[in-house]
Amino acid sequence: MSRVSDDEESRKFLAAIQVGDLLSGTVTELDRVVSVTLDGFPARPLGFVGSLDRTWGQWPAAVEVGQRITAEVTAIDLDQGRAWLSMAATEHPELWTFLKSLCTGAVVSGRVASIERFGVFVALNDGPDHPVFPGVGFITFPELSWRNFEAASDVVQVGQIVSCEFLQFDTTHGEARLSLRATQPDPFQTLADTATVGQTLQGQVTKLVPFGAFVRVTNDIEGLVHLRELAWTPVDAPEDVVQVGDEITVVVTEIDRQRRRLSLSRRRVSAALE
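These lines cover the structure that appears in this document, whether it is placed above or below. All values derive from a computational prediction rather than experimental measurement.

### Here we look at the environment of Ser265
Within the secondary structure, Ser265 sits in strand β15 (residues 261-265). Residue Ser265 is classed as buried on the basis of its relative accessible area, which comes to 0%. Sequence spacing of Ser265 and Thr249 is 16 residues, and the spatial spacing of their C-alpha atoms is 8.7 Å. When near neighbours in sequence (up to four residues on either side) are disregarded, Ser265 contacts Val225, Glu229, Val250, Val251 and Thr253.

See below:
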């Protein structure tokens, strides 16, 4: 078979495949990915399994040349002549099917199963258990709360029932990535609805950084007073003007809803009060 006809035949073979199909074949090469000669096209490997798609259990998963596997198609690249496969999908089909059925934005409930240094596992009320982790649901720290917090235990406790928004199916780990904060009002947007540029606010200095000072203006919101906005005269370091814990008056100079950033000025207070 010539190379041209081989490419035509492989393209035709792949065009008949759909994402979600189950394909079987023989492992022909082990490298960064697993190359698989698919049943029905013996000429060369068209199936490829990424290292993180081999299993949801121990990694790296034991795979040998000559081994027969069945895997689910996760993507098809006609230009490169490849079908990307997941062995994990067929390893735990009930869990894979459940996770694929979840829609972005849907609200799911469950019990906080474990708090780890990298996030929080949630055992969902619906669906099967996870074969490795304490729960199928997983919340990263930024998605726990709109507020700043020192530890995840400041927000949730093991055993607590939570309702979260489904963000995405993490096919690498077989998890439902969740957001707890998405089900709660965003305090920044609430502030943005009421505050205006030029308005004066009272706040407490919470942190000094080389480029300015952070000031808490509500229980949940901090804004930045840039170094140049601390005083009318040039300032080399914020501690030359303010200290952590100081109560100061500031003026709102910018409200960025999209990036959730509040810019403040201390030096413009006198002009705002005139």
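### Observations regarding helix α4 (residues 187-194)
By the burial criterion, the buried members of α4 are Pro187, Phe188, Leu191 and Ala192. Buried positions in α4, seen along its axis, are confined to an arc of 140 degrees and lie on one side of it. With respect to the buried face of α4, the exposed residues turned more than 90 degrees away are Asp193 and Thr194. Residues of α4 that are buried make contact with β14 (247-256) and β15.

### Details of the environment of Ser163
Here Ser163 is to be found in strand β9 (residues 161-170). In this structure Ser163 comes out as partly exposed when scored by relative accessible area, which is 33%.

### Re the pattern of salt bridges
Under the defined criterion, the tally for this structure stands at 13 salt bridges. Taking the shortest distance from any N to any O, the salt bridge between Lys12 and Glu9 comes out at 4.0 Å. Residue Lys12 and its partner Glu9 are located together in helix α1 (residues 3-15), separated by three residues, close to a single helical turn. You can call Lys12 exposed: its relative accessible area is 56%. Residue class for Glu9 comes out partly exposed when judged on its relative accessible area of 36%. Here Glu143 and Arg181 are joined by a salt bridge, their closest N and O atoms 3.4 Å apart. Taken as a pair, Glu143 in the loop between β8 (137-139) and β9 and Arg181 in the loop between β10 (175-179) and α4 lie far apart in primary sequence, 38 residues in all. Overall, the relative accessible area of 18% leaves Glu143 in the buried class. Through salt bridges with shared partners, a single ionic network connects Asp170, Glu175 and Arg177.

Calculation criteria
In this numbering scheme, every chain counts its residues from 1 along its sequence in written order. Per-residue local features are limited, in this predicted model, to residues with pLDDT of at least 70; the limit for side-chain atom pairs, both in listing and counting, is 80 or more; totals at the level of whole chains, interfaces and linings are taken over all residues. The basis for the side-chain values is all heavy atoms of the structure; hydrogens and waters are excluded. A run of DSSP states H or I qualifies as a helix once it reaches four residues; a run of E qualifies as a strand once it reaches two. Both are numbered from the N-terminal end. Buried, partly exposed and exposed residues are distinguished by accessible area as a fraction of the type maximum, computed with a 1.4 Å probe on protein chains only: under 20%, between the cut-offs, and over 50%, respectively. Throughout, a residue-residue contact means that at least one pair of heavy atoms, one from each residue, lies within 4.5 Å. Read the arc as the range of directions from the helix axis to the C-beta atoms. Salt bridge criterion: a side-chain nitrogen from Lys or Arg within 4 Å of a carboxyl oxygen from Asp or Glu.

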